[in-house]
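Single-letter residue listing:
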Amino acid sequence: MNKEEFMRKAIALSIENVAKGGGPFGAVIVKDGEIIATGVNRVTSTCDPTAHAEISAIRAAAKALGTFNLSGCEIYTSCEPCPMCFGAIYWARLDKIYYANTKTDAKDIGFDDSFIYDELELKPADRKLQSEPLLREEALKAFEEWTKNMDKIEY
Ligand SMILES: [Zn+2]
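Predicted, not measured: the structure shown is a model, and the values here were computed from it.

All right, on to the sheet that holds strand β2 (residues 34-40) then. The sheet built from 4 strands is open, its strands ordered β2-β1-β3-β4 with mixed pairing. Each edge of the sheet is formed by a strand with only one pairing partner; in this case those strands are β2 and β4 (96-101). Across the sheet, the mean angle separating the axes of adjacent strands is 20° when strand polarity is ignored. Together, β1 (26-31), β2, β3 (73-79) and β4 form the strand contacts of helix α1 (residues 3-19), whose direction differs from that of β1 by roughly 150°.

Moving on to unusual backbone geometry. Of note in this structure, Asp32 is not a glycine but carries a positive phi near 50°. For Asp32, the location among the structural elements is in the loop between β1 and β2. In this structure Asp32 comes out as exposed when scored by C-beta crowding, with 7 C-beta atoms within 10 Å.

Between its first and last C-alpha, helix α3 (residues 53-65) extends 18 Å over 13 residues, near the 18 Å set by a 1.5 Å rise per residue. For α3, the set of buried residues is Ala53, Glu54, Ile55, Ser56, Ala57, Ile58 and Ala61. Where the residues of α3 are buried, they touch β1, β2, β3 and α4 (83-91). Directly beyond the C-terminal end of α3, a positive phi value near 70° is found at Gly66.

Two elements in contact, α3 and α4, have axes whose closest approach is 9 Å; the angle formed by their N-to-C orientations is 25°. Looking at the two axes, α3 sits roughly parallel to α4. Seen from above, α3 lies across α4 with left-handed handedness. For the pair α3 and α4, contact is made by Glu54, Ile55 and Ile58 and by Cys85, Ala88 and Ile89, respectively. Among the residues making up the contact of α3 with α4, the classes are represented as 5 nonpolar, no polar and 1 charged.

Cut-off values and rules
- Residues numbered from 1 in each chain as written.
- Predicted model: local features only at pLDDT ≥ 70, side-chain atom pairs only at ≥ 80, totals over all residues.
- Pairing = 2+ DSSP bridges.
- Helix = DSSP H or I, 4+ residues; strand = E, 2+ residues; numbered from the N terminus.
- Axes fitted to C-alpha atoms, helices over the stretch in contact; angles between N-to-C directions.
- Contact = placed C-beta atoms within 7 Å.
- Buried ≥ 20, exposed ≤ 12 C-beta atoms within 10 Å, placed from the backbone.
- Expected span 1.5 Å × (residues − 1).
- Parallel < 35°, antiparallel > 145°, perpendicular 65-115°, else oblique.
- Left-handed = near helix turned anticlockwise from the far one by under 90°.
- Nonpolar A, V, L, I, M, F, W, Y, C, P; charged D, E, K, R; others polar.

The structure is reproduced here in structure tokens:
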């Protein structure tokens, strides 16, 4: 399969998911020219606000390969990733993102994530979602334990 065929699979998943009552998003993850995992948006069907197509595909790929590091893999997503999925793709160490619909296309049908991108530009105190530092000294204990732990699996 070539990259257009992988993307057509992601698009087909997105269209099928609408027919099943889900959001219009699908993704596939490819390694060495083979699809190793797929994902669709399952936010409403699973009551999971993080169950975007890309996150679902990453979870399936990591499970299939038995690793948290998906370097050597590429993701084909039917829509440009939101900030959460964009971050998850970095954390998963995927090599490349192919996307079809743009975030503007998504905004036009009511899936607007531009406010999150806008919030990231602001200082924490200026964001709509308030965040407050609390008990840092106590929390640092976990970081000290991590630093001392010689058996840790770094990631
Ligand atoms: Zn997302």
